[in-house]
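What the coordinates show
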Amino acid sequence: QQQVRQSPQSLTVWEGETAILNCSYENSAFDYFPWYQQFPGEGPALLISILSVSDKKEDGRFTIFFNKREKKLSLHIADSQPGDSATYFCAASWYNQGKLIFGQGTKLSIKP
Amino acid sequence: GPKVLQIPSHQIIDMGQMVTLNCDPVSNHLYFYWYKQILGQQMEFLVNFYNGKVMEKSKLFKDQFSVERPDGSYFTLKIQPTALEDSAVYFCASSGTGGSDTQYFGPGTRLLVL
């Protein structure tokens with residue numbers, strides 16, 4: 001009951017479009033959901049996160065939409081830029097636990 | 001932002017040998033983690049460490065694995081002896097506090113066991 005799933009595996013959008021990355025989870029005890037961005041050869045870096053008490057979190061061009069009832073969340077990247085091309089990982093955790101449960105990642109490509 | 005360093009970046013060893021992966025966490029961070037990522041698969045939690053002790057370990061953290069941070073230096077993951085299935089990228093992370101505090105990841109050590 002600890003799985004985190006992401007879709008699609010890969011996504012290509014045109015520069016300026018909104019990219020939508022999806023994530024779902026099974027364990028209703030999860031209450032912290034960070035999204036990490038990873039470039040080739042580097043470690044993942046925190047992009048934005050949300051707690052389960054919220055249904056939306058915005059940070060510039062990045063927005064998380066969270067649906068607790070359906071155990072789903074999505075990351076929207078508005079006005080996509082070529083520099084956003086990376087792999088994005090959705091993760092989940094319990095608030096008082098440190099360990100992160102990661103999804104398989106979505107590889108995002110932005111076409112100029 | 002804060003940097004976590006990992007040494008070496010790549011390591012190739014023969015099955016059965018010992019390997020030590022080193023992590024230089026963000027200074028003044030107190031919580032340390034190791035994650036394992038097999039090529040093409042998701043990153044999986046191995047272990048977390050605080051105040052000189054293992055707090056939690058997953059089923060992937062076999063008896064051949066050990067972690068320590070002697071005298072506040074590198075946080076290390078030792079595998080002895082190594083097995084073919086240990087080939088993966090190992091990521092170290094650190095955070096100031098536990099819970100939902102941001103975990104900062106290193107660039108990973110790519111381990112190949114032959």
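Throughout this document, residue positions are counted from 1 along each chain, in the order its sequence is written. The lettering of chains begins at A and the numbering of ligands begins at 1, in the order of writing. Given that this is a predicted model, residues contribute local features only at a pLDDT of at least 70 and side-chain atom pairs are listed and counted only at 80 or more, while totals for whole chains, interfaces and linings are drawn from all residues. Note: side-chain values were computed over all heavy atoms of the structure, leaving out hydrogens and water.

**Structural notes on the overall build of chain B**
A run of H or I in DSSP becomes a helix once it reaches four residues, and a run of E becomes a strand once it reaches two; helices and strands are each numbered from the N terminus. Each helix and strand counted, chain B has 0 helices and 11 strands in total. The helix and strand sequence of chain B, counted from the amino end, reads β-β-β-β-β-β-β-β-β-β-β. Here the C-alpha atoms of chain B give a radius of gyration of 13 Å, agreeing with the 13 Å that 2.2 N^0.38 yields for 114 residues. By principal-axis analysis of the C-alpha atoms, chain B measures approximately 35 × 25 × 25 Å. When the 114 residues of chain B are sorted by exposure, 47% land in the buried category. Contacts: residue pairs with any heavy atoms within 4.5 Å of one another. At a minimum sequence separation of 6, the contacts of chain B that also span at least 24 residues come to 54%. Each accessible area value is a Shrake-Rupley result obtained with a 1.4 Å probe; residue values ignore everything except the protein chains displayed when judging cover. A total accessible area of about 5700 Å² is found for chain B, and carbon and sulfur atoms account for 52% of it. Charge counting follows a simple rule: Lys and Arg are positive, Asp and Glu are negative, and His as well as the terminal groups are ignored. The atoms used to mark charge sites are NZ of Lys, CZ of Arg, CG of Asp and CD of Glu. Here chain B contributes 9 positively and 10 negatively charged side chains, and the mean placements of these two sets differ by 2 Å. In this description the radius of gyration comes from C-alpha coordinates, and the expected globular size is given by 2.2 Å times residues to the power 0.38. Remark: exposure states derive from per-residue accessible area (1.4 Å probe, protein chains only) relative to the maximum for the residue type, with buried under 20%, exposed over 50%, and partly exposed in between.

**Section: the sheet that holds strand β8 (residues 75–79) of chain B**
Residues and elements named next belong to chain B. Taken in spatial order, the 4 strands make up an open sheet running β1-β3-β8-β7, and their pairing is antiparallel. Edge strands, defined here as strands with exactly one partner in the open sheet, are β1 (5–7) and β7 (65–68). Across the sheet, the mean angle from the axis of one strand to that of its neighbour is 15 degrees, orientation sign disregarded. Two strands are counted as paired when DSSP detects at least two bridges linking them. With 5 bridges joining them, strand β3 (residues 19–24) and β8 adopt antiparallel strand pairing. The partner of Cys23 across the bridge, within β8, is Phe75. For helices, the fitted line uses only the C-alpha atoms of the stretch in contact; every axis is such a line through C-alpha atoms, and the angle between N-to-C directions lies from 0 to 180 degrees.

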